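Structure at a glance
The chain contents come next:
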Amino acid sequence: MKWIYICSPLRGDYEANTAAAIRYCREVALEGNFPVAPHIYCPRFLDDTKPEEREQGMKIGLELLKKCDEVRVYGEHISEGMQAELDAASLLFIPVHYEKG
């Protein structure tokens, strides 16, 4: 079972973006892999509108990213948070795949 990091936007249309991330996780899980999407669960206990809490959420996500076998990118626009994840994946030599979302 591969650990697949879900890289997709959160900000903007929060509800639609969260629903989309859940769909992407389902797709990965049904493939027999383990979806990793901290932007789905971190907002349950951290307030993304507060800079210090957003930063903590990003730190959590980047720690989880270190354990992943692959990153899947969804969406047409790369947000600031997504770019940070992609930069980290590059430094860690984690393969990145761009998906249609």
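Please refer to the structure higher up on the page.
On a predicted model such as this, the values are computed, not experimentally measured, just so you know.

1. Concerning the layout of surface pockets
There is about 350 Å³ of room inside the largest pocket. Forming the boundary of the largest pocket are 22 residues, of which L10, H39, D48, R54 and M58 lie nearest the centre. Broken down by secondary-structure element, the contributors of at least two residues to the lining of the largest pocket are helix 2 (38–41), helix 3 (51–65) and helix 4 (80–91). In terms of residues, the lining of the largest pocket owes the most to one element, helix 3, which gives five residues.

2. Brief notes about the sheet that holds strand 3 (residues 70–74)
By way of backbone hydrogen bonds, the strands of a sheet pair with one another, either parallel or antiparallel. Taken in spatial order, the four strands make up an open sheet running 2-1-3-4, and their pairing is parallel. Both edges of this open sheet fall to strand 2 (34–36) and strand 4 (96–99), since each of them pairs with a single strand only. Here the strands of the sheet are splayed against their neighbours by 30 degrees on average, with no regard to which way each runs. Of the strands in this sheet, strand 1 (3–7), strand 3 and strand 4 touch helix 4, which is tilted by about 150 degrees from strand 3.

3. Digging into the side chain of D48
The residue D48 is located in the loop between helix 2 and helix 3 in this model. Reaching out from D48, the side chain makes a polar contact with the side chain of R11 at a distance of 3.2 Å. When near neighbours in sequence (up to four residues on either side) are disregarded, D48 contacts L10, R11 and R54.

4. Side note on the pattern of salt bridges
Overall, the coordinates contain seven salt bridges when judged by the stated rule. As a salt-bridge pair, E63 and K66 come within 2.8 Å of each other at their nearest N and O atoms. Put simply, K2, E31, E70 and R72 are held in one network by salt bridges that share partners.

5. A short note on helix 4
Taking 1.5 Å of rise per residue, twelve residues should cover 16 Å, and helix 4 covers 17 Å from first to last C-alpha, within 8% of that figure. Within the span of helix 4, buried status applies to G81, M82, E85, L86, A88 and A89. The buried side chains of helix 4 occupy one side of the element, clustering within an arc of 160 degrees when seen end-on. Seen from the open side of helix 4, the exposed residues pointing more than 90 degrees away from its buried face are E80, S90 and L91. The elements touched by buried residues of helix 4 are strand 1, helix 3, strand 3 and strand 4. Directly after helix 4, the chain includes F93, whose backbone phi takes a positive value near 60 degrees.

What counts and how
- Residues numbered from 1 in each chain as written.
- Predicted model: local features only at pLDDT ≥ 70, side-chain atom pairs only at ≥ 80, totals over all residues.
- Heavy atoms only, no water.
- 1 Å grid on protein atoms, 1.4 Å probe; cavity = no way out; pocket = protein on both sides within 12 Å on 5 of 7 lines; lining within 4 Å.
- Points joined across faces, edges and corners; volume = space filled by probe spheres on them.
- Helix = DSSP H or I, 4+ residues; strand = E, 2+ residues; numbered from the N terminus.
- Pairing = 2+ DSSP bridges.
- Axes fitted to C-alpha atoms, helices over the stretch in contact; angles between N-to-C directions.
- Contact = heavy atoms within 4.5 Å.
- Polar contact = N/O pair within 3.5 Å; in protein donor to acceptor, adjacent residues only side chain to side chain.
- Salt bridge = Lys/Arg side-chain N within 4 Å of Asp/Glu carboxyl O.
- Expected span 1.5 Å × (residues − 1).
- Buried < 20%, exposed > 50% of the residue type's maximum accessible area, 1.4 Å probe, protein only.
- Arc of directions from axis to C-beta.

Just distances and angles here, no functional claims.
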